[in-house]
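Residue-level structural notes
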Amino acid sequence: MEFQRQLKRDRNHQRVEEQLSKRLTFAAGMPHTLIIEPGARCSLACPFCPQASDNFLLSRDFLKLDDFKKIVDYFEDSVDTILLFNWGEPLLNQSLPEMISYASEKKVHTLVHSNAIHLTEDLAKKIVKSGLSEFVASIDGASEESYQKYRKNGSFQHAFGNLQSLLRVKNEFGCPGPRIVWKFLVFKHNEHELERARLLAREAGVSIEFKFAVAPGEYESSLEEFNNKNFRDKFIKNYDLPCKQLWKAPVICPDGDVLPCCMVSNKKYVVGNLFRQEFREIWNNAQYQMLRAAIAGEIVEEGALYCRECMFGPNSVK
């Protein structure tokens, strides 16, 4: 049973990658990756996050465990990876460890990106036991002063201390996972702390990744690797996103709304609803196919303007 399921996933994965390489507007394969929003809520108020704005119109409900299980069951023969995060802070959903456990039982690779503020000792134990594949903590700075300039309402010491606690729990349990990563967005106000962050990461025993961020005005880094010059290429190099998602990784909101990519934060770009429609119909409906045509550089109708107007644009997929 498990062997047959993995064989189906492998075949689907290959089919999807072939379609992506050819930029076909009709996707014969099913997604091999899902981006599932546990809940678009967060206690922080980061300046560039759409979720922190009152104009954010996507669902702010928490995803229900039963709905998550239905999603996983539906995509069981095609999906090998689930990203349990999007605009919100995933640890706020109390069912998150159970969601991860359910996906792990199905041999699905799971990733969580978090600000680590709400990572209590008890939750850390549940996360480690859940079988999570990778935990990425977004901590942009190596001091309170630099960290709080972007992660407003947060605390560097609290977030970094929680990350260390997660590593300690993992070691105490003797578990191979999750892989623990410190993600550091580089801005002008924290670029002087890169070496200190490397040292802290090495002392803590966690991996660290310095990431480019499209940062306007006073936030833009002065370092060549992280400034806004050629930002499309830098974004794709850092994240391999967003355009490939149109062929392999839809975003699913807690209310079932399907978004074409993780950059979408406006309800008007919803392409369907998984709880009210058959996904195969959504995956190749007129809107989805127009978006794929737009990102492939074809001339399309106004309905696909989301992709044509995106800052990463039709030319960002090479």
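Now for a look at the structure at hand. For clarity, every value in this text was computed on a predicted model and none was experimentally measured.

Calculation criteria
- Residues numbered from 1 in each chain as written.
- Predicted model: local features only at pLDDT ≥ 70, side-chain atom pairs only at ≥ 80, totals over all residues.
- Heavy atoms only, no water.
- Helix = DSSP H or I, 4+ residues; strand = E, 2+ residues; numbered from the N terminus.
- Buried < 20%, exposed > 50% of the residue type's maximum accessible area, 1.4 Å probe, protein only.
- Areas by Shrake-Rupley, 256 points an atom, 1.4 Å probe, with all protein chains shown as cover.
- Lys, Arg positive; Asp, Glu negative; His and termini not counted.
- Charge placed at Lys NZ, Arg CZ, Asp CG, Glu CD.
- Pairing = 2+ DSSP bridges.
- Right-handed = clockwise from strand over helix to strand, strands pointing away.
- Polar contact = N/O pair within 3.5 Å; in protein donor to acceptor, adjacent residues only side chain to side chain.
- Contact = heavy atoms within 4.5 Å.

Of regular secondary structure, the protein possesses 12 helices and 9 strands. Overall, the protein is about 50 × 50 × 35 Å in size when its C-alpha atoms are taken along their principal axes. Going through the 318 residues of the protein one by one, you find that 56% of them count as buried. Carbon and sulfur atoms make up 49% of the accessible area of the protein, which amounts to about 14500 Å² in all. The averaged location of the 42 negative side-chain charges in the protein is 2 Å from the averaged location of its 42 positive side-chain charges.

In terms of strand pairing, strand β5 (residues 179-185) meets strand β6 (residues 207-211) through 5 bridges, oriented parallel. Opposite Val181, over in β6, you have Ser207 as the bridge partner. Viewed along the sheet, the connection from β5 through helix α7 (residues 194-204) into β6 turns out right-handed.

Further remarks concern the side chain of Asn93. Here Asn93 lies in the loop between β2 (81-83) and α3 (96-105). Residue class for Asn93 comes out buried when judged on its relative accessible area of 5%. From its side chain, Asn93 meets the backbone nitrogen of Ser95 in a polar contact 2.9 Å long. Not counting residues within four places of it along the chain, the set of residues in contact with Asn93 comprises Pro38, Phe62, Leu63 and Met99.

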